[in-house]
Each structure stands twice: as C-alpha cells, then as structure tokens.
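The lines below spell out each chain.
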Amino acid sequence: MSWENRDYSQEGWREASSTPWREYLPTRAAAWLIAVHLAAFALTLMLAYDSGRASVAMLALRGDNPQPLAMLTHPLAPSGLFALLFAVLFIWSFGSFIESQVGPLRLIVLYVSGNLLAGAAYFGFSRWQPPLAQSPLDTPVGALAAWAMLAFLRMRFEYRPVFGKLYPVPNIVAVCAGILAALELFRGGPGAAAWIIAAAAGAIGGAMPERLPRLRGARPRLRPVVRPSIVRVVARDDEPLDETDADANIDDVLAKISREGIGSLTEAERERLEAARRAKLQES
C-alpha cells in the first residue's frame, strides 16, 4: 500500500482502506512449516496406535528419560492437540510476520537453529537436574524464541497496534515472552526450569545470525524517489497544500521512515505527511 492511502492523523497510524482477507493467510514458508507440523502430528497418532504411546513419548524431551534423538524431533512431537494448536497459531501469526520482514530463508534458518539450541540446552540440563525438567519440550519453543529475539533486535524502532493502540515492538515481544514464561511456571512449577532455559537458548539462536553478515537479510523498506532538489512547503490550516509539490514535500519524511521506522516521526512530520496525503487523495 502506497503512502497516500494511510491515515497519519493523531488518532493512530491506520490503514485508510480495509485489509484484504489474503493478508490473514500464512506466508509461504510459514504455510510449509504448518503443513509439516500437521503431517507430523498425524504420523505420531499412527505410531501411537501401532507401537504404543511410550514410543511416541520418546520423541519429545522430558527429564525422566531424555533421548538424544529427541533434540531433533521434539518440535514435531506435540503431546496433545493443545500443543499442536499452540505451534500452528504462533507459526501462522508470528512466523508469517517475521517472514514478511526477513524472507523465507531466514525464517527457516532461525527455526532450525533455535530448535537445535533449545533441544541441546534442555537435554543437557535434564541430564544434570531431572526434577527441574518435568515440563516437556514438545513444541518449537526454540524457534519461537529465536523469532522473538530477532524482532526485538531488528525492530526496536517499529510500532505495532495492540487492541487499537500503538506500542514499540520490543515492548510487545518482552510482554508476550514474560506471559508465556509465567504460564509455564504456573503450570509446571520448579519442573519448568529446563523449559525456560531451552527458550533462552533458542533466543540466542535468534541473536547469533545478527552478527553474521552472510545470513543478515535485507529488510523490506520504503524506497522514496530521490530528486535532485527537495522543495519544502509548509502547509497552513487556511492554505491548501500545492498538489504538485506533495511528493517533494515529504521526501525527507519518507527517507526518515526508511531509515528509522515510522514510529520515529515527530508531531510536525506527522502533520506534513498527513497534509500531503490529503492533497494526494484530493488529486486522485
């Protein structure tokens, strides 16, 4: 959506037109991950019917009898329908959002590295302190933590709406991570310590690629047209903005959005952007 179709008024940065229903569908890589999880769940049901639940339980990580192979299989071994729905929901919503920012390859790299680090951390801690590893690791917690860490590091100047109000992305990520950790501690008590450590290890997987330039993907940004000269026009309330200068008047504002994010604009810059938007819509 182009800049003139957004509402930049003080009430909030709202879309001027309705959101297409296709935007609610998962992105390509996220859809493939969801399909893999659904297929794995169906396979575990068949294995449980043929070999018994004990053999299927070995695919997840738990402190009483951790299996080395489970470090690889635990993301695809949900203990029940609720765990499956948890994984699908977060991949659909949060995974699609991360893919739209960094691309499908980076999404998959973080999924694999986060889960591997989380599985290794849980396995090592559970062998050392089995009583503190009673909450099973049977969902891609490491991948979710890696995606959250990436959002925390790369989108610290971004704002996203939550219940109709705008909040910084790092604040949203921190609150969601705290809620999930608190719920797991409430459910498992001290036995959730290994689960928390595994999530922290997965978050490290999201931070490490930020230090590797080869894996650092370029985030999609607005690319305003750079003109040889920029004409700055100050619009007053009693004087309409010249429509021919609407684009030139906000080149510096669009460039600032590209560099620092839309939440970095000052009140005066918001007013200039909103005035230019209204003039552009009147022209069309």
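Up top you'll find the structure we're talking about.
Residues numbered from 1 in each chain as written. Predicted model: local features only at pLDDT ≥ 70, side-chain atom pairs only at ≥ 80, totals over all residues. Heavy atoms only, no water.

Draft legend 1. Focus on helix H4 (residues 81-102). Spanning 22 residues, H4 covers 30 Å between terminal C-alpha atoms, matching the ideal 32 Å at 1.5 Å per step. Residue Gly95 marks the point of greatest curvature in H4, where the axis turns by about 30°. Looking one or two residues beyond H4, the residue adopting positive phi is Gly103, at roughly 95°. (Helix = DSSP H or I, 4+ residues; strand = E, 2+ residues; numbered from the N terminus. Expected span 1.5 Å × (residues − 1). Bend = angle between axes of the 7 residues up to and from the residue.)

Draft legend 2. View of the pattern of salt bridges. Taken as a whole and judged by the stated rule, the model has three salt bridges. Here Glu158 ties to Arg160 by a salt bridge, and the two come within 3.4 Å at their closest N and O atoms. Given a relative accessible area of 14%, Glu158 falls into the buried group. Judged by relative accessible area, Arg160 falls into the partly exposed class, the value being 25%. (Salt bridge = Lys/Arg side-chain N within 4 Å of Asp/Glu carboxyl O. Buried < 20%, exposed > 50% of the residue type's maximum accessible area, 1.4 Å probe, protein only.)

Draft legend 3. The arrangement of the packing of helix H5 (residues 104-128) against helix H8 (residues 193-207) in detail. Viewed as axis vectors pointing N to C, H5 and H8 meet at an angle of 145°, and their least axial separation amounts to 7 Å. Crossing of H5 against H8: the hand is right-handed. Residues Leu110, Ser113, Gly114, Leu117, Ala118, Ala121, Tyr122 and Phe125 of H5 lie in contact with H8, whose contacting residues are Ala193, Ala194, Trp195, Ile197, Ala198, Ala201, Gly202, Ile204, Gly205 and Gly206. Looking at the contact of H5 with H8, its residues break down into 13 nonpolar, five polar and no charged. (Axes fitted to C-alpha atoms, helices over the stretch in contact; angles between N-to-C directions. Left-handed = near helix turned anticlockwise from the far one by under 90°. Contact = heavy atoms within 4.5 Å. Nonpolar A, V, L, I, M, F, W, Y, C, P; charged D, E, K, R; others polar.)

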